[in-house]
Amino acid sequence: FHDSTERERQGLTVRRAHRALAPWSTENPLMMHVRNADTATFRTAVDQCAEVGFEMIIYTFGSGLDAENVDPAYLARIKADVAYAHAKGIEVGAYSLFSSRRIDDTNDVINPATGRPGGAIFGNAPCLASAWGREYLRKITHFLESTGLNLLEHDGPYPGDVCASTRHPGHRDQ
């Protein structure tokens, strides 16, 4: 892999390989987390980001942004706010919580040891292969496409949350 034993040259080689094979891994945008999704607060944060040189803003956990909301009026408001940010050269992302919440017995991860919901990495979690999980993906995709967001910070599902359901439509051999 290396053509030299010189430490600096080896480091340069590794950095060059990262840029060639996975260029996104070398990006590190200056990002601000906005804590409230209302238009006034969001646009004030965008103005601050543009003034000091931040490159991205993200509707953070607990901001009130509902990435599962498909109401056209809500989507139009978020789209307008995202367009405002884009006009100032700021990319916009959103946080979405998938795991660490309970939906219901039909759609939650089924613990292989007990045959019942519960026992996921962080307690309860919905199953991505359930009907709810499939609808969640549809809603999130629609939200991203409708609003022009640049990034999704997705919280779950987590490796290790094995689902033993025999009824979820997305499981193999159903």
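None of these values were measured; they are calculated from a predicted model.

1. A short note on the state of the cysteines
Covalent bonding between the sulfur atoms of two cysteines is what defines a disulfide.
Thinking step 1. For the structure on display, the rule yields 0 disulfides.
Thinking step 2. In this model Cys127 remains outside any disulfide bridge; the closest cysteine sulfur is found in Cys163, 3.7 Å from its own.
Thinking step 3. For Cys127, a relative accessible area of 6% gives the class buried.

2. Observations concerning the packing of aromatic side chains
Thinking step 1. Counted under the stated rule, the structure contains 7 aromatic pairs.
Thinking step 2. Ring geometry for Phe61 versus Tyr95: centroids 5.1 Å apart, planes at 80°, classification edge-to-face. Of this pair, Phe61 sits in the loop between strand 2 (56–59) and helix 3 (72–87) while Tyr95 sits in strand 3 (residues 91–97), and the two are 34 residues apart along the sequence.
Thinking step 3. Among the aromatic residues, those joined into a cluster by ring pairs are Phe98, Trp132 and Tyr136.

3. With respect to the sheet that holds strand 4 (residues 151–155)
Thinking step 1. Pairing in this open sheet of 4 strands is parallel, and the strands run 1-2-3-4 from one edge to the other. Strands at the two margins of the open sheet, each flanked by one partner only, are strand 1 (31–34) and strand 4. Put simply, the sheet's adjacent strands are angled 25° from each other on average, direction ignored.
Thinking step 2. Lying over the sheet, helix 4 (residues 131–147) contacts strand 3 and strand 4, oriented at roughly 155° with respect to strand 4.

4. Structural notes on the environment of Arg101
Thinking step 1. Within the secondary structure layout, Arg101 lies in the loop between strand 3 and helix 4.
Thinking step 2. Classification of Arg101 as partly exposed rests on a relative accessible area of 23%.
Thinking step 3. For Arg101 and Pro126, which are 25 residues apart along the polypeptide, the C-alpha to C-alpha distance reads 7.0 Å.
Thinking step 4. Excluding anything up to four places from it in sequence, Arg101 contacts Glu68, Asn124, Ala125, Pro126, Trp132 and Tyr136.

5. Examining helix 3
Thinking step 1. Across its 16 residues, helix 3 extends 22 Å between first and last C-alpha, which sits within 8% of the 22 Å expected from 1.5 Å per residue.
Thinking step 2. Tyr74, Leu75, Ile78, Asp81, Val82 and Ala85 are the residues of helix 3 that are buried. Buried residues along helix 3 cover an arc of 130° about the axis, so they all sit on one side. In this structure, helix 3 carries Pro72, Ala73 and Ala87 as exposed residues pointing more than 90 degrees from its buried face.
Thinking step 3. Where the residues of helix 3 are buried, they touch helix 2 (39–52), strand 2, strand 3 and helix 4.
Thinking step 4. Gly89 lies just past helix 3 and shows a positive phi near 80°.

6. Here's the deal with the layout of surface pockets
Thinking step 1. Taken as a whole, the largest pocket encloses approximately 160 Å³ of empty space.
Thinking step 2. For the lining of the largest pocket, the residue count by class is 5 nonpolar, 5 polar and 3 charged.

7. Some words on unusual backbone geometry
Thinking step 1. Cis geometry is found at the peptide bond from Gly156 to Pro157, where omega equals -10°.
Thinking step 2. Its location among the elements puts Pro157 in the segment after strand 4.
Thinking step 3. We note that Ser100 has phi near 60°; this positive angle belongs to a residue other than glycine.
Thinking step 4. Its place among the elements puts Ser100 in the loop between strand 3 and helix 4.
Thinking step 5. A residue is classified by how much of its surface remains accessible, and Ser100, at 36% relative accessible area, is partly exposed.

Calculation rules
Position numbers for residues count from 1 along each chain, tracking the sequence in the order it is written. In keeping with the model being predicted, local features are shown solely for residues with a pLDDT of at least 70 and side-chain atom pairs are shown and tallied solely at 80 or more, while totals for entire chains, interfaces and linings include all residues. The side-chain values count all of the structure's non-hydrogen atoms but skip hydrogen atoms and water molecules. Disulfides are defined as cysteine sulfur pairs within 2.5 Å. The cut-offs for exposure are 20% and 50% of the maximum accessible area for each residue type, with area from a 1.4 Å probe on protein chains only; residues under the lower value are buried, those over the upper are exposed, and the others partly exposed. Stacked, edge-to-face and tilted labels apply to pairs of Phe, Tyr and Trp rings (six-membered ring for Trp) whose centres lie within 6.5 Å, assigned for plane angles under 30 degrees, over 60, and everything in between, in that order. Secondary structure elements are taken from DSSP: a helix is a run of H or I of four residues or more, a strand is a run of E of two residues or more, and numbering for both begins at the N terminus. Each pair of strands is called paired provided DSSP finds at least two bridges between the two strands. Angular values range over 0 to 180 degrees, each being the angle between N-to-C directions of two axes fitted as lines to C-alpha atoms, with helices fitted over their stretch in contact. Contacts: residue pairs with any heavy atoms within 4.5 Å of one another. By this rule the span expected of a helix is its residue count minus one, scaled by 1.5 Å. Taking the helix axis as origin, the arc is that swept by the directions to the C-beta atoms. Here the term cavity refers to a set of points on a 1 Å grid, laid over the protein atoms alone, in which a 1.4 Å probe fits but cannot get out; the term pocket refers to an open set having protein on both sides within 12 Å along at least five of seven lines, with lining residues being those that place an atom within 4 Å of a point. Grid points are joined across faces, edges and corners, and a volume is the space filled by probe spheres set on the points. Only Asp, Glu, Lys and Arg are considered charged, only Ala, Val, Leu, Ile, Met, Phe, Trp, Tyr, Cys and Pro nonpolar, and every remaining residue, Gly among them, polar.

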